[in-house]
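# Fold and contact review
In case you want the letters, here they are:
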Amino acid sequence: MLSQGLVVSHEQMGDSDQKLRRLVLQGPVAQTAKAGQFVTVQVQDSARTSFDPLLRRPISIAEISQERDEITLLYRIKGRGTEILAQARCGDSLSIMGPLGNGFSLPEEGELWLVAGGIGIFPLFALVQSALSQGLKVRLFWGGESKTFLESAGLTSWKELEIELSLSTLDGSLGEKGLVTELVQSALSQNKPTESKPEAMEVRVSVAACGPKGMMQSITELCQRFNVPIEVSLEERMGCAVGACLGCVCTLKDKAGRLIHKKVCLDGPVFRGEEVVWNETC
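Cut-off values and rules
- Residues numbered from 1 in each chain as written.
- Predicted model: local features only at pLDDT ≥ 70, side-chain atom pairs only at ≥ 80, totals over all residues.
- Heavy atoms only, no water.
- Helix = DSSP H or I, 4+ residues; strand = E, 2+ residues; numbered from the N terminus.
- Rg over C-alpha atoms; globule rule 2.2 N^0.38 Å.
- Contact = heavy atoms within 4.5 Å.
- Areas by Shrake-Rupley, 256 points an atom, 1.4 Å probe, with all protein chains shown as cover.
- Lys, Arg positive; Asp, Glu negative; His and termini not counted.
- Charge placed at Lys NZ, Arg CZ, Asp CG, Glu CD.
- Salt bridge = Lys/Arg side-chain N within 4 Å of Asp/Glu carboxyl O.
- Buried < 20%, exposed > 50% of the residue type's maximum accessible area, 1.4 Å probe, protein only.
- Pairing = 2+ DSSP bridges.
- Phe/Tyr/Trp six-rings, centres within 6.5 Å; stacked < 30°, edge-to-face > 60°.
- 1 Å grid on protein atoms, 1.4 Å probe; cavity = no way out; pocket = protein on both sides within 12 Å on 5 of 7 lines; lining within 4 Å.
- Points joined across faces, edges and corners; volume = space filled by probe spheres on them.
- Nonpolar A, V, L, I, M, F, W, Y, C, P; charged D, E, K, R; others polar.
- Axes fitted to C-alpha atoms, helices over the stretch in contact; angles between N-to-C directions.
- Parallel < 35°, antiparallel > 145°, perpendicular 65-115°, else oblique.
- Core = buried A, V, L, I, M, F, W, Y, C linked by side-chain atoms within 4.5 Å.

### Topic: the overall build of the protein chain
Helices and strands together make up the secondary structure of the protein chain, namely seven helices and 15 strands. The C-alpha radius of gyration of the protein chain comes to 19 Å, within 12% of the 19 Å expected for a compact globule of 282 residues. Seen along its three principal axes, the alpha-carbon backbone of the protein chain occupies a region of about 70 × 45 × 35 Å. For the protein chain, contacts bridging at least 24 residues in sequence account for 65% of all contacts bridging at least 6. Of the accessible surface of the protein chain, which amounts to about 14,100 Å², a share of 47% is contributed by carbon and sulfur atoms. The centroid of the 29 positive side-chain charges in the protein chain is displaced by 5 Å from the centroid of its 34 negative side-chain charges.

### Thoughts on the pattern of salt bridges
For the structure shown, the criterion picks out 11 salt bridges. A salt bridge links Glu111 to Lys137, with the nearest nitrogen and oxygen atoms 3.5 Å apart. Of this pair, Glu111 sits in strand S7 (residues 111–117) while Lys137 sits in strand S8 (residues 137–144); the two residues are 26 residues apart in sequence, bridging distant segments of the chain. Given the relative accessible area of 13%, Glu111 is considered buried. Close ionic contact of Lys147 with Glu151 constitutes a salt bridge, the shortest N to O distance being 3.9 Å.

### Regarding the sheet that holds strand S12 (residues 230–233)
Sheets are built from strands that pair by backbone hydrogen bonding, the pairs being arranged parallel or antiparallel. Strand order in this open sheet of seven strands is S10-S9-S8-S7-S11-S12-S15, and the pairing throughout is mixed. Since the sheet does not close on itself, it has two edges, and those belong to strand S10 (176–177) and strand S15 (270–272), each with one partner. Pairing of S8 with strand S9 (residues 164–169) involves six bridges; the strand directions are parallel. Residue pairing across strands places Gly143 opposite Ser168, the latter belonging to S9.

### Here we look at the packing of aromatic side chains
According to the stated counting rule, one finds three aromatic pairs in the structure shown. Measuring from centroid to centroid gives 5.1 Å for Phe125 and Trp158, while their planes differ by 85°, and the two rings are edge-to-face. One end of the pair, Phe125, is in helix H2 (residues 124–133); the other, Trp158, is in helix H4 (residues 155–160), and 33 residues separate them in sequence. Take Phe125 and Trp158: they sit in the same class, and that class is buried. The interplanar angle of 70° and the centroid separation of 6.3 Å between the aromatic rings of Trp142 and Phe149 together place this pair among those described as edge-to-face.

### Comments concerning the layout of surface pockets
One simple way to see leftover space: roll a probe sized like a water molecule over the atoms. The space that makes up the largest pocket amounts to roughly 1,400 Å³. If you trace the largest pocket, you find 49 residues lining it, with Pro58, Lys78, Ile119, Glu235 and Glu236 closest to the centre. At the level of secondary structure, the elements contributing two or more residues to the lining of the largest pocket comprise strand S4 (57–65), strand S5 (70–76), helix H1 (80–85), S7, S8, helix H5 (180–191) and helix H6 (213–225). For the lining of the largest pocket, the residue count by class is 22 nonpolar, 17 polar and 10 charged.

### Concerning the packing of H5 against H6
Two numbers describe how H5 lies on H6: the axes approach to 10 Å, and their chain directions differ by 10°. Compared by their axis directions, H5 and H6 come out roughly parallel. Within the contact between the two elements, H5 uses Val180, Thr181, Val184, Gln185 and Leu188 and H6 uses Met215, Ser218, Ile219, Leu222 and Arg225.

### Comments concerning the nonpolar core
Grouped together as the largest cluster of nonpolar side chains are 34 residues, with contacts concentrated most on Val115, Phe141, Val207, Ile219, Val232 and Leu234. Filtering out sequence-adjacent residues up to four positions away, Val115 remains in contact with Leu124, Phe141, Val180, Val184, Val207, Ala208, Ala209, Cys210, Met215 and Ile219. Core analysis: the next-biggest nonpolar cluster, separate from the first, contains 31 residues, Leu20, Ala35, Val128 and Ala131 among them.

### Looking at the sheet that holds strand S1 (residues 2–12)
Reading around the barrel, the six strands line up as S1-S2-S5-S4-S3-S6 and close back on themselves, with antiparallel pairing between neighbours. Here the average twist between neighbouring strands, direction ignored, is 45°. Where S1 lies against strand S2 (residues 20–26), six bridges are found, and the strand directions are antiparallel. Along S2, the bridge assignment pairs Val7 with Leu25.

### Notes on H2
When we look at burial in H2, the residues that qualify are Leu124, Phe125, Ala126, Leu127, Val128 and Ala131. Residues of H2 that are buried in the fold lie against S4, S7, S8, H4 and strand S11 (205–210).

### Notes on the environment of Glu109
Inspection of the secondary structure puts Glu109 in the loop between strand S6 (93–100) and S7. The class for Glu109 is partly exposed, based on a relative accessible area of 48%. Distance from Glu109 to Lys137, taken between C-alpha atoms, is 8.9 Å for residues 28 residues apart in sequence. Setting aside anything within four residues of it in sequence, one finds Glu109 in contact with Leu136 and Arg204.

Purely geometric numbers; function is a separate question.
So this is what it looks like as structure tokens:
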């Protein structure tokens, strides 16, 4: 589980103001990694001590190549840890732990709809790779603040997959103006036969979502209304990332409706949307 990752490439993604980075690591993690899992990376400030910062940084796995023994990590520079990580250069060796957690599952039939909010798109690329390799039809719903953000965060790579894309931006600079939840609601409504549209063909749909808590809660509620199964990838602050520190506990409900607690790092980060108690989960 603990291994070294050789930096194969490390580059800026798109507009520099977005502070997005693409890091490709070569190592044994690629042989067992699955879509939705993550790794933790040890970042070190050489100007101080090798234990500063002490905690590793959890980053979702965006792409997996078993043939090349490579995983790709996409991340946004947000704080001191990622600022230090952004200094890694080709040929450097980084200490990584993983793959960690439980990832997404794939439906046996029908369509897989991916719903992403902002950089929640990052772990979904590995999922679409797996889905397409199994012959599933995939559709992406993605919302972001602007055209600049979507293009910087990898829109071209998604277009190259030649799947159906439904995009939204808050400023209306690309796709529909508004929230991605509105696109999903419209698509689910069109997929459901009604008295006024009895001829509508209902396609068996499964949803995988990643993004802000509010977005995932809204998408989950929509899916429950339309009786569509959904998996969500939760994001919590992690200390150890192996289930020991209890820093990432979330609240769920079991089949009997009783409240239970699980660890995002160990039991997740992917859970069924209907089992998450959103008003109790950070």
